[in-house]
Amino acid sequence: MDKKMSEELVKRFLKYVSIDTQSSETQEGKCPSTDKQFDLARYLKEELEGMGLADVEMDEHAYVYATLPANTDRDVPTIGFIAHMDTSPDMSGTNVRPRIIQNYDGSDIVLNEALGIVTRVSQFPELKEHIGEDLIVTDGTTLLGADDKAGIAEIVTAIVWLQAHPEVEHGKIRIAFNPDEEIGMGAHLFDVEKFGCQWAYTMDGSEVGELEYENFNAASAKITIHGRNVHPGYAKGKMINACQVAREFASALPQDERPETTEGYEGFFHLTQMSGTVEEASLSYIIRDHDREKFEARKRALQTLAQDINNVYGEEIVMVEAKDQYYNMLSQLEDKPHVTDIAKEAIRRACGHCNVIPIRGGTDGAQLSFRGLPCPNIFAGGLNFHGRHEFVPVQSMEKAVETIINIVKQ
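The text that follows walks through the structure, step by step, so that each part is easy to find. Just so you know, these numbers come straight off a predicted model, no measurement behind them.

So, empty space enclosed by the protein
On inspection of all chains with the given rule, the structure shows one cavity of 30 Å³ or more. By volume, the largest cavity amounts to about 40 Å³. A per-element tally of the lining of the largest cavity places strand S3 (residues 79-84) first, with three residues. Looking at the lining of the largest cavity, its residues break down into two nonpolar, five polar and four charged.

The structure is reproduced here in structure tokens:
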């Protein structure tokens, strides 16, 4: 990528992260979950219109769609590129103050000297893979927003490059930017029919060179425990302490099947919230596994454990409410190898390698794949998402742009 295009890519990215788009898990039934996501959606709509793209649209839920028309009469599939606009509820995205570390030397990075916030190589060893590159970091008080504003910047920059190079023949290319991916709702109101693609790619992965088309099967579970409060001086044989039962429940699950003890294809039970009194307590879990049979077994294990506890107490005091969230997209892509083969070759040409890994999470692409739009996930280049130590190498973003262009060329 030439210097001018790279500078435009960075400028575009820095503009996007200056717009706060943090989503919210507490606004059920509202899309987007936060009105401020419209700020970026409106900006992108205007930007895409200014580029002269066709079919530019922002709907009432802040989904933005646009088209780069075909420049060939050949029968070429319509493909798409997708990225999400929101940032994680886990940390503030207000007043992001990024800076660029030129030619990173491999040492610890002081993000904020006044507050003593340091990104240490001992804690984030992936920094060693990016020595000599230009890293965009935060000031330590917010996340950066490379997840997924790097993906947006890469898609827009690739489209600008294609517009400037009409000698590269291509079919119709659709792009879309959606809200609320971080709360698992980004694909729910995505108009697959209107998008009109045979397949697409989300630019929402992490480390440079990665391709993902296997993700967790996912469910949430709420455990409600009804206790019985009695004066503690006279409680023997009468009291049922809901907090104690909650502790028993959590302790009975496999202690080596938690996020902090698993990797790769290993699934887990993740306790995300715990609260209560003697009278009533609740536990919130997310359940994850790549293997569908093991995933179903995990949900049954919660029900079995609840029943075992109920049997001990002789009454129905523990109730489990589980709800599926999304499934492994691999089942929707196994019979469409061309979709992933094209991405693998495009990544190899840009990066010199392609690292296929399972997602220990989910993407909009997983849900879209089950809605009839095959949609693997390609790296966007950022690392340490959702926190103050998030960063993205400029060179990784450049390779992501090259990857998009290489897909179009194929």
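Let's talk about the pairing of S3
Looking down a regular strand, the side chains alternate between one sheet face and the other. Extensive coverage of S3 is indicated by the burial of six of its six residues. Residue alternation in S3 divides its side chains into two sets, Ile79, Phe81 and Ala83 and Gly80, Ile82 and His84, and both sets are buried. Bridge analysis of S3 against strand S8 (residues 173-178) gives six bridges, and the strand direction is parallel. Bridging from a neighbouring strand, isoleucine 79 pairs with isoleucine 173 of S8.

Some words on unusual backbone geometry
Along the chain, cysteine 31 connects to proline 32 via a cis peptide bond; the corresponding omega equals 0°. Of note, proline 32 is situated in the loop between helix H1 (3-17) and helix H2 (37-50). The omega torsion across aspartate 147 and aspartate 148 is 10°, close enough to zero to call that bond cis. Note that aspartate 148 resides in helix H3 (residues 146-164). The phi torsion at alanine 62 lies on the positive side, around 75°, for a residue other than glycine. Tracing the chain through its elements places alanine 62 in the loop between strand S1 (54-58) and strand S2 (64-68). Judged by relative accessible area, alanine 62 falls into the buried class, the value being 0%.

Thresholds, definitions, all that
- In this convention, every chain numbers its residues from 1, walking through the sequence in written order.
- A pLDDT threshold of at least 70 governs which residues receive local features in this predicted model, and a stricter bar of 80 or more applies before side-chain atom pairs are shown or counted, although totals over entire chains, interfaces and linings include all residues.
- Derived side-chain values reflect all non-hydrogen atoms in the structure, with water molecules and hydrogen atoms excluded from consideration.
- Definitions used for this entry: grid spacing 1 Å over protein atoms alone; cavity, a set of points where a 1.4 Å probe fits but cannot get out; pocket, an open set with protein on both sides within 12 Å along at least 5 of 7 lines; lining residue, one with an atom within 4 Å of a point.
- Grid points are joined across faces, edges and corners, and a volume is the space filled by probe spheres set on the points.
- Here a strand is any run of E in DSSP of at least two residues, a helix any run of H or I of at least four, and the numbering for each starts at the N terminus.
- The nonpolar class holds Ala, Val, Leu, Ile, Met, Phe, Trp, Tyr, Cys and Pro. Asp, Glu, Lys and Arg form the charged class, and all remaining residues, Gly among them, are polar.
- Three labels apply to residues, based on accessible area from a 1.4 Å probe with only protein chains included: buried if under 20% of the type maximum, exposed if over 50%, partly exposed otherwise in between.
- One bridge is not enough; two strands pair if DSSP finds at least two bridges between them.

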